[in-house]
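So the chains spell out like this:
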Amino acid sequence: GILPRFLSKGYGPSKQPRVATLVMYLISIALTVAVNINQIIPTLTMSCLVSYGLINFIAFFEAFIKNPSWRPSLSIPAFVPLIGGIGCFITMFMINPGATFIVLLFVCVLCFWSAKRNMIGDWEDIRHGIFSYFVQKGVVKLSTVKQSARSWRPHILTIFDHPVVNKNLAFFSHALNQEKGFLTFATGVDSEGVVESTQANMKLDLQAYKIPSYIHANQAESPIEGVRQVIKNYGFGFLKPNTVVLPISSSFDIDSFVKLLLDTHRQEKNIILLKDDSQKDYLYSDASRKDKQINLWWRGKYPGNFELSLALAYLLHQSKLWPRSKICIKAIAKDEEQNAHLLTQFDKYRLKLRIKGLAFESLIDPEVQFFATLAAESKNADLTFLGLKKPEDNCTVAEYKEYYLKLLENTAGVTNIAYVLCGEKIQFHKIFM
């Protein structure tokens, strides 16, 4: 399937490619007659050297990653074929540097072209073994390295409350992740027979949206129990999600949903609850807009929530879906004195933050009607970040449910709002300082 079909047709009992042989014969005769033999020999030498070089590199990788299938009759150390492969390409450059680049370009084009055609041959793909080797080494190394705030990146687990892709939630998670960490979309199902079909349908949708990710559908006695198991157990070694993104769910029982939030927080995972306007698609469309507005509200009680929100807003700011968006930190002051203090503090840290398009606005409200001000100021914002109350260690489901429902009631008029609860034991301010 690499060459045109008429060249691959075989004749006789042994399927000899007579047409291909004839075509090659004619090309050889034409080159012999029309071209100096001294011009042909370097080209033939290049073909041989690039073949030998690639075979040596394959042998090196096979010996290096030690696949069980690699059992050559002549066993040699991995460095021997490595030296051979490097020697082949050095020799090519010594013969003719220009021709070497042309040959290597031709090999690359052939590889991409054959890969795009998804041809099925009698060869095996070594890439899976190579990537598996380095992933395994990387995971083991990560388990021995202490995590720091400066190297923090989001490993996101996004939960769908229905076994279908929520487009706004998917693009929001993708914009936060930007392939800087692992992104997994998961859902819970109560029937074992639909797990494979659910994963297949979600995979097709996410591929259509061009969102690189992992998909996981978990079967349990109820969808929310399946979600709880995923949040608790999903991951590999040190590589576990540190941030769980959920929709403001109407399909889950409220008591079960609040219990899920408390359990997730106790597992020291960050929580983002997204309330989006399903009638609008401004979370993912019109990426050419440069004036998207992200509001962050500072209330002072839970600094971890604000610092995580700032990190998330900065990630959106860097995303291609939110190019050069504006981040505005908003706070409410009781009087002019407190307002002046807030402005002084922001000016102090502005240079340290080094975030382009960052602004600060302090609103004077003697009565501090926070949620009324929030609703008014959010009308022109594309996204609003608001911190959630941090539950105490002995907080009950009933207590947090009362707070949660009251919060939803107070913010009922605000669409496209992300409620953030910091769970990781990370000093997020060190990301910016």
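Residues numbered from 1 in each chain as written. Predicted model: local features only at pLDDT ≥ 70, side-chain atom pairs only at ≥ 80, totals over all residues. Heavy atoms only, no water.

A. Representation of the overall build of the chain in the model. Secondary structure assignment for the chain yields 14 helices and 10 strands. Viewed in the frame of its principal axes, the chain has a C-alpha envelope of about 95 × 55 × 45 Å. The proportion of buried residues among the 433 residues of the chain is 38%. Long-range contacts, defined as pairs at least 24 residues apart, comprise 77% of the intrachain contacts of the chain with a sequence gap of at least 6. A total of about 25700 Å² of accessible surface is found on the chain, and carbon and sulfur atoms cover 59% of it. Across the chain, the 48 positively charged side chains and the 37 negatively charged ones have centroids separated by 11 Å. (Helix = DSSP H or I, 4+ residues; strand = E, 2+ residues; numbered from the N terminus. Buried < 20%, exposed > 50% of the residue type's maximum accessible area, 1.4 Å probe, protein only. Contact = heavy atoms within 4.5 Å. Areas by Shrake-Rupley, 256 points an atom, 1.4 Å probe, with all protein chains shown as cover. Lys, Arg positive; Asp, Glu negative; His and termini not counted. Charge placed at Lys NZ, Arg CZ, Asp CG, Glu CD.)

B. Broad picture of the packing of helix 9 (residues 223-233) against helix 10 (residues 254-266). Across the interface, helix 9 lies against helix 10 with an axial gap of 11 Å and an inter-helix angle of 5°. On the basis of the axis angle, helix 9 is roughly parallel to helix 10. Along the contact surface, helix 9 presents I224, V227, R228 and I231, while helix 10 presents S256, F257, K259, L260, D263 and T264. Of the residues assigned to the contact of helix 9 with helix 10, the class counts are five nonpolar, two polar and three charged. (Axes fitted to C-alpha atoms, helices over the stretch in contact; angles between N-to-C directions. Parallel < 35°, antiparallel > 145°, perpendicular 65-115°, else oblique. Nonpolar A, V, L, I, M, F, W, Y, C, P; charged D, E, K, R; others polar.)

C. View of unusual backbone geometry. At E179, a position not held by glycine, the phi torsion is positive, near 60°. Mapped onto the elements of the fold, E179 is located in the loop between helix 7 (167-177) and strand 2 (183-189). On the basis of relative accessibility, which here comes to 60%, the residue E179 falls in the exposed class. Unlike most non-glycine residues, N416 shows phi in positive territory, near 55°. For N416, the position within the fold is in the loop between helix 14 (397-410) and strand 10 (417-421). Using a relative accessible area of 1% as the deciding quantity, one classes N416 as buried.

D. Focus on the pattern of salt bridges. Applying the stated rule across the entire model yields seven salt bridges. Close ionic contact of E361 with K330 constitutes a salt bridge, the shortest N to O distance being 2.5 Å. Of this pair, E361 sits in strand 8 (residues 358-364) while K330 sits in strand 7 (residues 326-333), and the two are 31 residues apart along the sequence. Judged by relative accessible area, which is 30%, E361 ranks as partly exposed. On the basis of relative accessibility, which here comes to 4%, the residue K330 falls in the buried class. Residues joined by salt bridges that share partners form a network here, namely E225, R228, K259, D263 and R266. (Salt bridge = Lys/Arg side-chain N within 4 Å of Asp/Glu carboxyl O.)

E. Main features of the environment of F171. Following the sequence through the fold, F171 ends up in helix 7. The class for F171 is buried, based on a relative accessible area of 9%.

F. Quick peek at a nonpolar patch on the surface. A contiguous nonpolar patch, built from L22, Y25, L26, I29 and V33 and spanning about 530 Å² of accessible area, is present on the exposed surface. Tracing the sequence through the fold places Y25 in helix 2 (residues 18-34). (Patch = residues over 30% accessible without salt bridge, like charges linked within 9 Å, V, L, I, M, F, W, Y side chains within 5 Å.)

G. Local environment of the packing of helix 3 (residues 37-65) against helix 4 (residues 79-95). Where helix 3 meets helix 4, the closest approach of the two axes is 7 Å, and the angle between their N-to-C directions is 160°. For the element pair helix 3 / helix 4, the angle class is roughly antiparallel. Our pair here, helix 3 against helix 4, has a crossing hand that is left-handed. Contact with helix 3, carried on its side by P42, T45, M46, L49, V50, Y52, G53, L54, N56, F57, A59 and F60, involves P81, L82, G84, G85, I86, C88, F89, T91, M92 and I95 of helix 4 and no other residues of that element. Class assignment of the residues belonging to the contact of helix 3 with helix 4 gives a composition of 16 nonpolar, six polar and no charged. (Left-handed = near helix turned anticlockwise from the far one by under 90°.)

H. Structural context of the sheet that holds strand 3 (residues 214-219). Taken in spatial order, the 10 strands line up as 3-2-1-4-5-10-9-6-7-8 in an open sheet, and their pairing is mixed. Either end of the sheet is taken by a strand with one partner, and the two such strands are strand 3 and strand 8. Strand-to-strand twist in this sheet, taken as the mean axis angle between neighbours without regard to direction, amounts to 25°. By the bridge criterion, three bridges tie strand 6 (residues 293-297) to strand 9 (residues 383-387) in an arrangement that is parallel. Counterpart to N295 in the pairing with strand 9 is T384. On the sheet, helix 8 (residues 195-208) packs against strand 1 (156-160), strand 2 and strand 3 and is oriented at approximately 155° with respect to strand 3. Set on the sheet, helix 13 (residues 370-377) makes contact with strand 6, strand 7, strand 8 and strand 9; between it and strand 6 the angle comes to about 170°. (Pairing = 2+ DSSP bridges.)

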